[in-house]
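# Summary of structural features
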Amino acid sequence: MFGYDKLKLVMSLDDIEVINEDVFIRKEVRDELVGLSYKQTDPFSLTIKIDYRQEEVVIEFTGKVLMSDYHNLIRLSNISSCIENINALGVIVIKSYLTSDVVKCDITNDYDYVNVRRLSEYIECNLSGNKKYVPRNLANGNFVVDKNVVTNQCKKRLTIYNKFAEMNMAKNRSFLHRYYGGENPFVHKCCRFELNLNSKQQIRSSLHVSDTKLITLLLAAQSVNPIYEFLSEILCEDVVSKEVTNTVED
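From a predicted model like this one, the values you see are computed outputs, not experimental measurements.

Scoring rules and cut-offs
- Residues numbered from 1 in each chain as written.
- Predicted model: local features only at pLDDT ≥ 70, side-chain atom pairs only at ≥ 80, totals over all residues.
- Heavy atoms only, no water.
- Buried < 20%, exposed > 50% of the residue type's maximum accessible area, 1.4 Å probe, protein only.
- Helix = DSSP H or I, 4+ residues; strand = E, 2+ residues; numbered from the N terminus.
- Arc of directions from axis to C-beta.
- Pairing = 2+ DSSP bridges.
- Axes fitted to C-alpha atoms, helices over the stretch in contact; angles between N-to-C directions.
- Contact = heavy atoms within 4.5 Å.
- Phe/Tyr/Trp six-rings, centres within 6.5 Å; stacked < 30°, edge-to-face > 60°.

## Some details on helix H2 (residues 116-125)
Listing the buried residues of H2 in full gives Val-116, Leu-119, Ser-120 and Ile-123. The arc enclosing the buried residues of H2, seen along the axis, measures out at 100 degrees, which places them on a common side. Every exposed residue of H2 that faces more than 90 degrees away from the buried side is listed here: Arg-117, Arg-118 and Cys-125.

In structure tokens, the structure reads:
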């Protein structure tokens, strides 16, 4: 079972109501209002884009929308809290959301494995000979494996990093003090696996679903393991069966 740390939703204009138009950036064409956009980064990342000509709304938010429940990730059990917290900002009211289309998501799980660097080295040393996958160690300590493809529709990325260390960075201190009394909730689950899916095609393929409705993805999170499947693709077969299973499966 996994959760989501980022969701990008596309919904109908009828599914929302604008409460405070003054906080939006207006887009006008020949004195006609054709769009509104809103963006914030604190206490959680939220982007809202309204297109009046297409009659659609794009809303993207991160797991911090859950505030003091952030460590549990976005799931079916708390998606209503995500929407309630967005509505509480007084910018828009989201009236319907479960049938919205998910066009981008970060599939995420946190594991109790302390030495992220050692795990990353182990994965890099045991990659299969397939050149479709490119491993990289980033300057911030994150380990990334990209699916080396030309089209954006087929791109997929797995990132492994120390979530405990990341939450201790200066940029997250105010969030920890505000919602966790200064304590880091990731002390016992510090190793984060994050699979970035940036197209509906990749979402359907990775989750084995026929559509990308939000409710479909939330239900799929209870029955599939796309992180393990991705590791199965990139690692030697004997490594997956003997070593990786204990690390990435619940």
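Now that the structure is up, let's keep going.
## With respect to the sheet that holds strand E6 (residues 56-62)
In spatial order, the strands read E3-E4-E5-E6-E1-E8-E12-E11-E10-E9; together these 10 strands make up an open sheet with antiparallel pairing. The open sheet has two edge strands with one neighbour each: strand E3 (25-29) and strand E9 (133-137). Sheet twist, expressed as the mean angle between neighbouring strand axes with direction ignored, is 15 degrees. Strand direction decides the pairing type here: E9 and strand E10 (residues 143-147), joined by 5 bridges, are antiparallel. Counted as the bridge partner of Asn-137 is Phe-143 from E10. With respect to the sheet, helix H5 (residues 200-207) is in contact with strand E1 (3-12), strand E8 (101-111), E10, strand E11 (156-162) and strand E12 (191-197), its orientation differing from that of E8 by roughly 45 degrees.

## As for the packing of aromatic side chains
The final tally for this structure, using the stated rule, is 8 aromatic pairs. Residues Phe-24 and Tyr-38 carry aromatic rings whose centres are separated by 5.8 Å and whose planes lie at 55 degrees to one another, so their mutual orientation is tilted. Linking Phe-24 in the loop between strand E2 (16-18) and E3 with Tyr-38 in strand E4 (residues 32-40), this pair joins segments that are 14 residues apart in sequence. By relative accessible area, which is 6% here, Phe-24 ends up buried. Of the residues examined, Tyr-38 reaches a relative accessible area of 14% and is grouped as buried. Centre to centre, the rings of Tyr-70 and Phe-186 are 5.7 Å apart; their planes meet at 75 degrees, and the pair counts as edge-to-face. Note that Tyr-70 is positioned in the loop between E6 and helix H1 (79-87) and Phe-186 in the loop between helix H4 (170-180) and E12, a separation of 116 residues in sequence.

In short, geometric facts, not functional conclusions.
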